[in-house]
Amino acid sequence: MVVGEASSPSTPLTNNCSIIDAQKGDPLAFGSYWKQMNDECTLVIKGWELMSYYSDLSNMCWYMLPELKDAIERIHHLVGNAVTKDRYIVVGNGSSQLFQASLFALSPLDVPDHPVNVVAAAPYYSEYKSAINILHSRMFQWGGDAAVYDKNEPYIEMVTSPNNPDGTLREPVVNSVAEGKFIYDLAYYWPQFTPITHKADDDVMLFTFSKCTGHAGSRIGWAIVKDIEVAKKMATFVQSSSMGVSKESQTRAAKIIGVICDGYQNLKSKESELFFEYSKRLMKERWEKLGEAVEQSMVFGVVKYPNAYCNFTNEISETYPSFAWLKCEEGKENGHNYLRKLNISSREGERFGADSKFVRVSMLGMDDDFNELVKRLSSVKIE
Ligand code: PMP
């Protein structure tokens, strides 16, 4: 069974014939960092603590722990990647739940038999389509590639920047006279993946703990929203679907985000020990290895990313996306089938609304899996 970004764990690397699972987006790469930070991140939760559904009745997002709200504001302030002042924060069970919450909040309620079209420019994150289709909602429906959307009907455009699967920076692309609403999925707008060029300040912005720090298992995402009515509807959605968000997870997220921020604010910290420095270095090394492997094989090509000045690191920086979007250069081949011959499981271009020549492989797997992936890729040769 393959379930979205998460799928069954990869087959152990017993020999060269084992399968490397590079198809799932499980962000395990930063685990070695968190292992080093063992004591700082350890939490003890007593049996009598965190028992209530409620966290802060004075906040419209009543289930959000104040310490998590503070930590979210603190990390955005540190990194400078989003405006939080005078904005509303809504916490969800991963940003996946907030994606649905924002569709619920932005869909017009007065035309229930005419679902609003939800579009995203191809190649788009494959889960948007799946998450919409599974619901058969009367409020919204999947509308396909935003670049070719020309209906004179209201729409919601997903703007994923940096984009999953191809790591490109995105702006809205729909060319229609109809009224559009926008949801910015900024899951990867963190310094280890891309230069921080501006403070994002869009109406609805989605972020996730999964990609910021790698703690996907905690299932914590947050939305930063300008309009309180939209934010309230999103919180209502989370209330109706899960009656809030686990407080154990919120406490852990607040703690870990706090550890990252403390590191930057403690003058004694060594630069190499700071989270974004460590994770960016790791991404850079991985992209260098992948680039060499792909060049040697001469079968696949990768996108070239522009450099930009990063306001967080104060230097010109490259982009190191969490996925490699490989294009099979060989005329007849299908990228996914090609990798299958090498026992590398990947995600087919078609799942993202793209051509079968394209294939997505994860750059965030465990070290052993990643090194083996690179080794196998470099052994590919045109026959
Ligand atoms: N948006 C994008 C672009 C993603 O890649 C992912 C995870 N792969 C998500 C949202 C969902 O993240 P979460 O774990 O917070 O549900």
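Residues numbered from 1 in each chain as written. Predicted model: local features only at pLDDT ≥ 70, side-chain atom pairs only at ≥ 80, totals over all residues.

To continue, consider the site of the ligand. Gly 94, Ser 95, Ser 96, Thr 208 and Ser 210 are the nearest of the 14 residues found near the ligand. Tallying contributions element by element places helix α4 (residues 94-106) first for the shell around the ligand, with three residues. Here the residues of the shell around the ligand are counted per class, giving three nonpolar, nine polar and two charged. (Near = placed C-beta within 6 Å. Helix = DSSP H or I, 4+ residues; strand = E, 2+ residues; numbered from the N terminus. Nonpolar A, V, L, I, M, F, W, Y, C, P; charged D, E, K, R; others polar.)

This paragraph deals with helix α3 (residues 66-79). Taking 1.5 Å per residue, 14 residues should reach 20 Å; α3 reaches 20 Å between its end C-alpha atoms and fits that length. Those residues of α3 that sit buried are Leu 68, Lys 69, Ala 71, Ile 72, Ile 75, His 76 and Val 79. Looking straight down α3, one finds its buried side chains confined to an arc of 165°; they lie on one side. The elements touched by buried residues of α3 are β4 (88-93), β10 (220-225) and α8 (247-265). A positive backbone phi angle near 75° is found at Gly 80, which sits one or two residues after α3. (Expected span 1.5 Å × (residues − 1). Buried ≥ 20, exposed ≤ 12 C-beta atoms within 10 Å, placed from the backbone. Arc of directions from axis to C-beta. Contact = placed C-beta atoms within 7 Å.)

Attention now moves to the sheet that holds strand β6 (residues 140-145). Strands sit in the order β4-β10-β9-β8-β7-β5-β6 across an open sheet of seven strands; the sheet is mixed. Of all strands in the sheet, those bounded by a partner on one side alone are β4 and β6. Looking at each pair of strands side by side, their axes are set apart by 25° on average, direction ignored. With five bridges joining them, strand β9 (residues 204-208) and β10 adopt antiparallel strand pairing. Bridge pairing links Thr 208 to Gly 221 in β10. Running over the sheet, helix α7 (residues 228-242) touches β4, β9 and β10 and is turned about 20° from β4. (Pairing = 2+ DSSP bridges. Axes fitted to C-alpha atoms, helices over the stretch in contact; angles between N-to-C directions.)

With respect to topology, four strands assemble into an open sheet ordered β11-β14-β17-β16, the strand pairing being antiparallel. Bordering the open sheet on either side are β11 (300-302) and β16 (347-348), each of which pairs with just one other strand. Looking at chain direction, β11 and strand β14 (residues 323-328) are connected through three bridges and run antiparallel. What sits directly across from Gly 301, in β14, is Lys 327.

Further remarks concern the domain arrangement of the chain. The domain architecture assigned to the chain consists of domain 1 (2-35 + 272-378) and domain 2 (49-264). A C-alpha centroid distance of 25 Å is found between domain 1 and domain 2. Contacts between the two partners involve 38 residues from domain 1, matched on the other side by 31 residues from domain 2. Counting residues per element, the ones that place at least two in the side of domain 1 that touches domain 2 are α9 (275-297), β12 (308-310), β14 and β17 (358-362). In terms of residues, the side of domain 1 that touches domain 2 owes the most to one element, α9, which gives five residues. (Domains from an automatic or database assignment.)

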